[in-house]
Amino acid sequence: MQSGPSETRHLRAYWQGRISRALVAIMFAAATAPAIADDAHVVGRSKYFAPKAVIAPTIDGIAKESAWNQAEWQDLKHRWLGPEYTNDDFQGRYKIVWSESKIYVLAEIVDDTLIDTHRDPLTQYWDDDCLEIFIDEDFSGGDHQFNHNAFAYHVSLDNQTIDIGTNEQAQYYSRHVESRWQQQGNKVIWELAIEIYTDEYVDGSDENTAATLSAGKLMGLMIAYCDNDGSELRENFIGSESVPEGPKDRGWIDAGLFGALELKE
Ligand SMILES: [Ca+2]
Ligand SMILES: [Ca+2]
Ligand SMILES: [Ca+2]
Ligand SMILES: [Ca+2]
């Protein structure tokens, strides 16, 4: 069926409308947050601007330092695994600040049952309650399962940090992450100071040196919580980034899921 002049006018108006709406959307997006668009990352990554801490926070599970007031909260709201949960079962959010030697994470977690059933920190550490901090020093994206292109630090309730090394086995990285939490009301207030290592990190070497951070640096970042309240396996896995397709729990392999963290002066 051929289209008549009136339908052609309609079509032209339709496309002009769509194009101008798209242009407005692009301009609005550019004004609010730079779009993260590159082949190495999944579309829709968030961008977080971390302010520099004039005085670095003390890692003691008490968020009274003025540095924290400078930073914005970001929610842990994307349910990667498990059934829907209530506000009593889990709520989480975090903030980031930085110094030249570290990034600092403040996480505020509501969790009705705190549990650490696997007492060996290297056994099923993701099936105990734990905070996961995913860091890609150069925002390269890409695979990081058995290399140090990025790190997936699993921080346990006893403040140990575990990830998989280049030998494909779970390793301690507790020296990279200072971690303390305390309960306040129904919340766990968790503070962490994290040294940043590049993809040249070598397991077991004494020669590794942490990166020096500066304003304008762009890094990959994602934060998640594994919630277990008494089951054999974790009940929920909730993260800071959306996973629009593919396995939702693949952040430990795929740094392309991480959001962008920009260090601001
Ligand atoms: Ca503190
Ligand atoms: Ca819970
Ligand atoms: Ca990298
Ligand atoms: Ca729990």
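Being a predicted model, the structure only gives us computed values, none of them experimental.

With respect to the overall build of the protein chain
Now for step 1: A tally of regular secondary structure across the protein chain gives two helices and 14 strands.
Now for step 2: Considering the protein chain as a whole, with its 265 residues, one finds that 35% of them fall into the buried category.
Now for step 3: In the protein chain, once contacts between residues fewer than 6 apart in sequence are set aside, the share between residues at least 24 apart is 63%.

Some thoughts on the confidence of the model for the protein chain
Now for step 1: Mean pLDDT over the protein chain stands at 90; residues scoring 70 or higher make up 86%.
Now for step 2: Every residue in residues 1-32 is under pLDDT 50, and counting partners more than four places away or in other chains gives two contacts.

What about the environment of N236?
Now for step 1: Among the secondary structure elements, N236 is positioned in strand 13 (residues 236-239).
Now for step 2: Separated by 107 residues in sequence, N236 and D129 have C-alpha atoms that sit 9.6 Å apart.
Now for step 3: If sequence neighbours within four positions are ignored, N236 has contacts with R79, L81, G82, Y85, F90 and D227.

A word on the sheet that holds strand 10 (residues 177-184)
Now for step 1: In spatial order, the strands read 2-4-5-11-10; together these five strands make up an open sheet with antiparallel pairing. Every other strand in the sheet has two partners, leaving strand 2 (74-76) and strand 10 as the edge strands with one partner each. Averaged over all pairs of adjacent strands, the angle between their axes in this sheet comes to 20°, without regard to strand direction.
Now for step 2: Bridging between strand 10 and strand 11 (residues 187-194) involves eight bridges; their strand directions are antiparallel. Residue pairing for strand 11: S179 is matched across the bridge by L192.

Some details on the environment of Q74
Now for step 1: Secondary-structure assignment places Q74 in strand 2.
Now for step 2: Sequence separation between Q74 and Y48 is 26 residues; the distance between their C-alpha atoms is 8.1 Å.
Now for step 3: Not counting chain neighbours up to four residues away, the residues in contact with Q74 comprise Y48, R93, Y94 and S240.

Things to note about the pairing of strand 12 (residues 218-227)
Now for step 1: Burial within strand 12 is extensive, with nine of its 10 residues counted as buried.
Now for step 2: Sheet topology note: the strand 12/strand 14 (residues 259-264) ladder contains four bridges and is antiparallel. Within the sheet, the bridge partner assigned to M219 lies in strand 14 and is L261.

What to know about the nonpolar core
Now for step 1: Core analysis: the largest hydrophobic core is formed by 56 residues, its most contacted members being I96, V105, I133 and L192.
Now for step 2: Per-element tally for this core: the top contributor is strand 12, with seven residues.
Now for step 3: Setting aside its immediate chain neighbours within four residues, L192 contacts I59, Y104, V105, I133, V155, V177, E178 and S179.

Focus: the environment of H154
Now for step 1: With respect to the element layout, H154 can be found in strand 7 (residues 151-156).
Now for step 2: Judged by C-beta crowding, with 25 C-beta atoms within 10 Å, H154 ranks as buried.
Now for step 3: Once residues lying within four places of it in the same chain are set aside, the contact partners of H154 are Y125, W126, C130, E132, T161, I162 and D163.

Thresholds applied
- Residues numbered from 1 in each chain as written.
- Chains lettered and ligands numbered in written order.
- Predicted model: local features only at pLDDT ≥ 70, side-chain atom pairs only at ≥ 80, totals over all residues.
- Helix = DSSP H or I, 4+ residues; strand = E, 2+ residues; numbered from the N terminus.
- Buried ≥ 20, exposed ≤ 12 C-beta atoms within 10 Å, placed from the backbone.
- Contact = placed C-beta atoms within 7 Å.
- pLDDT = per-residue confidence, 0-100.
- Pairing = 2+ DSSP bridges.
- Axes fitted to C-alpha atoms, helices over the stretch in contact; angles between N-to-C directions.
- Core = buried A, V, L, I, M, F, W, Y, C linked by C-beta atoms within 7 Å.

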